[in-house]
Amino acid sequence: MALRFEVLARFNRARAARMTLPHFLCETPLFMPVGTQGTIKGLTTSQLEEIGCQIILGNTYHLALRPTSELIDELGGLHKFMNWSRALLTDSGGFQMVSLLHLADITENGVTFQSPVDGNPMLLTPEESIQIQNRIGADIIMALDDVVKTTTTGPRIEEAMYRTIRWIDRCIAAHQRPGEQNLFAIVQGGLDPVLRDICVKALTERNLPGYAIGGLAGGEDKDSFWRVVAQCTAALPEDKPRYVMGVGYPLDIVVCSALGADMYDCVYPTRTARFGTALVPEGVLKLKHKAMAEDIRPIDPTCACMVCRTYSRAYIHALVTKDAMGSQLLSYHNLYYMLQLSRDLHNSIIQGRFPEFVCDFLKKMFPKGDVPKWVCNAMEVAGIDIAACLPPSSSRGCGA
Amino acid sequence: ITRKPETSNCAPALSQREFLPAYLHCIPLSPPSASASASAFVLARFNRARAARMTLPHFVCETPLFMPVGTQGTIKGLTTSQLEEIGCQIILGNTYHLALRPTSELINELGGLHKFMNWPRALLTDSGGFQMVSLLHLADITENGVTFQSPVDGSPMLLTPEESIQIQNKIGADIIMALDDVVKTTTTGPRIGEAMYRTIRWIDRCIAAHQRPDEQNLFAIVQGGLDPVLRDICVKALTKRNLPGYAIGGLAGGEDKDSFWRVVAQCTAALPEDKPRYVMGVGYPLDIVVCSALGADMYDCVYPTRTARFGSALTPEGVLKLRHKAMAEDTRPVDPTCACMVCRTYSRAYIHSLVTKDAMGSQLLSYHNLYYMLQLSRDLHYSIIQGRFPEFVCDFLKKMVSSDNHLNYDTQITDVFLPMKTLYLKMRKLLKIFLTVTSPSGSAMPWRLQKLILELVSHHPRPKQRSKMPLGLITGIARAMRRKRPSSLDILSSKRAPRNYYKGKNCKPTGFHTRKGGYVIVPEKLPNYVVPDLTNFMLKPYVSQCPIEVLTTEASEPIK
């Protein structure tokens, strides 16, 4: 196995750990920026190292389309191609089943995509996906799973869950570099606790280096979302990393870390940056707003990133709608924010002040005390007392 | 990974770099000797070329120098720390664009453009004159000034010399340009003379309106088209005004290179020796080397960053088109001799995979291209100082001309593809013939095709390694021959049919639109009419032998 996972400290269900991968030593909880086409939009690799990025995510589907996995293999793997010395993770292409559903045709054999480039059909079987990922050479690879939208109802969810289990065996059989690449399985089952339980048990039997909780981040309501995460983290093995795919918002990351998850990825920070929105401890800051035009403060006065130390809100406001530079600077800041959040989570758990950190985070984000109910419930299950963040007069507890 | 440039181009300590009055230039670095030039500005010369040190309020610059254009207060794609990394000395901003947004009042309120951009080095602002040419369809030029129609909201914006200087005063750059009346070099007739005289009248208005002569240097711009007489009048008149520096304007607009260099040569000969000369809008690396040899000091152009956004990189051998298919597997850096971050970190294959699909490709190429231009400036400066300027120029030209890999490089000097034109036309004819012939098996080639191929083969003698035909043509033809062409037995879709083919109204679509604007037919979606097998079918269409005449009326009353 090419992965070593040591839990350094805990607080109830939350854990801070060290994950040794072939290319880098990572500290969890961690956030992984998404570099779909082999690059994070707007940042060079040296800037990424500056802000402390540990793992980058790449997409098998998009990389197989162009520049094709054979070319990447010829040129020495994605690490060498991108010249990224730290860790990489590749998604299997499963999520494109959902995001590009109008182009996809799912059968027991695999998924047939219609290439958006030239319309040619592209069959993605578990074997094919793993082979492509073997060629790309990332440290962690994901098994191909049958993904359904969380809003789906009916027998399709169950079918997808069982098919995921059948496909994991095919993925394991097709994996040719188990000594250098870690294959993670993905737990499916929609929002149904029974199905999720079956899936977790079945995948745990296969004894893989790590597990992911998939099928979330698709528009379901937050209450169901945290319950599924809580159930899966309770059932998955303690000594293996847990990766909640597609999460997300800073608040979601804090909640999931409290429930015991370790790894996250999302396009949200970079995508929202391209729309002129910056992430700050108080929430989001819309740089396109008229009020930003004369604001000489940095985006986040408490942030230590290059953008906040160098530029003012007025300058970025002048750029956001007219120049790509605005998106670039905001991407830099947003990713720094997410990675700083990861570091804060890790360090606060190690230093034994995790509940204080969570309270502090919630207080800054909800200064009026209107913490959403689902957060309150989740924190209760996680065993973290956030009474300090809530209005003292309210006897019911949380806001709606 | 970042590495500071190894040039000794550091600004002197703050105590030395006091805010000198704008008309005084630099501290003489070497004790004056008998053969040294009269002014303290120039450090070394070679015939007309000079290497100098120019002290501005915010920075000490070494000329010849290239100024990247940051129109909206930013260089597209690079942060200010990256710009400092690559050794950028002055950045150019545009008065017209900055006055539109975010408005000069806001910039002034926030402490000037230096503070707004957080750029500690020097800035130069153009007066808005060039927009008279580039946005001519929006401009109305009178003696008073230029009335622009704002491209943002259509409201009129009057730019007089006084207004332009006021805006530039608010922006706060180290060097500001006078408003000049610019005409395209391709213009003929009395307009050129009118523009030249108006420029002289406007310079006086600019000087009168300038409120910060101690902190900002006002440069005048020499106009006069391609006419040596007009240029001479203009140079003399502007020199009389004794300004801190002079620019040569009205070039870089499409005139032929032969006229271009002659105008530059005339102006640099006539302008004062001890003041900087700024050739506006230049440009290509070759042009910069030539103008430096003729005695110019400062240049600006959007070319390096703009060509980067189109996927082209500047290298000593010429322009490298990263979009070319051949780049897809090339593991070398963009320029093996370049020391910039991009060439030390990424391969051509990586940038090729990005250029058409991700803004990152343009960003990395902008970084490299600007580094190339700034390195060229540094090389010019140091080669003059070290007394090896002619060797440097020869070396530069040799590298640019002697590249024999014509497939990827696009040299500016020799027109390589002119003899290819006839060949190209023949290949196009060949392609047309082949595409109209739809033989399912593709085995029997029509005789016309064979004849053409023979003709082409005999026309072009077999070269040593491979055909000198552009690679794009060969691969294009190969692709055309290989691609799946619909056979005449396939279901006819509206895309393949003649003009009158019925394409249906509001029926199910037959494919999907691609992101690039094309349309991909999905065969499964085409209507496939299945005619049933009618052998042994006994029924006949029924037509009655005695039809009853039936009258139908709309009303429900019985038929009479």
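Residues numbered from 1 in each chain as written. Chains lettered and ligands numbered in written order. Predicted model: local features only at pLDDT ≥ 70, side-chain atom pairs only at ≥ 80, totals over all residues. Heavy atoms only, no water.

Student: I would appreciate a short explanation of the overall build of chain B in the present structure.
Tutor: The secondary structure content of chain B amounts to 18 helices and 19 strands. Across the 560 residues that make up chain B, the buried fraction comes to 48%. Taking contacts inside chain B between residues at least 6 apart in sequence as the whole, the part at least 24 apart equals 66%. Accessible surface, chain B: about 29,400 Å² in total, of which carbon and sulfur atoms supply 57%. (Helix = DSSP H or I, 4+ residues; strand = E, 2+ residues; numbered from the N terminus. Buried < 20%, exposed > 50% of the residue type's maximum accessible area, 1.4 Å probe, protein only. Contact = heavy atoms within 4.5 Å. Areas by Shrake-Rupley, 256 points an atom, 1.4 Å probe, with all protein chains shown as cover.)

Student: Looking at this model, I keep getting lost on a positive patch on the surface. Mind explaining?
Tutor: Residue and element names in this part refer to chain B. On the surface, R323, K357, R515 and K516 cluster together to form a positively charged patch. You can see R323 is positioned in the loop between strand 16 (318–321) and helix 12 (341–345). For R323, a relative accessible area of 49% corresponds to the partly exposed category. (Patch = residues over 30% accessible without salt bridge, like charges linked within 9 Å, V, L, I, M, F, W, Y side chains within 5 Å. Salt bridge = Lys/Arg side-chain N within 4 Å of Asp/Glu carboxyl O. Lys, Arg positive; Asp, Glu negative; His and termini not counted. Charge placed at Lys NZ, Arg CZ, Asp CG, Glu CD.)

Student: Would you take a moment to explain the environment of B:T185 for this structure?
Tutor: Residues and elements named next belong to chain B. With respect to the helices and strands, the residue T185 is situated in the loop between strand 10 (175–177) and helix 7 (190–209). Each C-alpha atom of the pair T185 and L251 lies 6.5 Å from the other, and the pair is 66 residues apart in sequence. Of the polar contacts made by the side chain of T185, one reaches the side chain of E255; its length is 2.8 Å. (Polar contact = N/O pair within 3.5 Å; in protein donor to acceptor, adjacent residues only side chain to side chain.)

Student: Explain the interface of chain B and chain A to me, please; I cannot follow it from the model alone.
Tutor: As a measure of interface size, the accessible area lost when the parts come together is often cited. The interface of chain B with chain A comprises 41 residues on the first partner and 43 residues on the second. Interface area for chain B against chain A, summed over the two sides, is near 3,300 Å², with a carbon-plus-sulfur share of 58%. Taken together, the links from chain B to chain A amount to 2 salt bridges. Close ionic contact of A:K41 with B:D358 constitutes a salt bridge, the shortest N to O distance being 3.7 Å. (Buried area = accessible area lost by both parts, 1.4 Å probe.)

Student: Hey, could you run me through the pairing of strand 12 (residues 245–248) of chain B in this one?
Tutor: Remark: a regular strand shows side chains that alternate across the two faces of the sheet. All names here are of chain B. A two-sided burial pattern is seen for strand 12, the buried positions comprising G245 and A247 on one face and Y246 and I248 on the other. Pairing analysis gives 4 bridges linking strand 11 (residues 217–222) to strand 12, with the strands arranged parallel. Paired with A220 across the bridge in strand 12 is Y246. Note on the crossover from strand 11 through helix 8 (residues 228–240) to strand 12: the handedness is right-handed. (Pairing = 2+ DSSP bridges. Right-handed = clockwise from strand over helix to strand, strands pointing away.)

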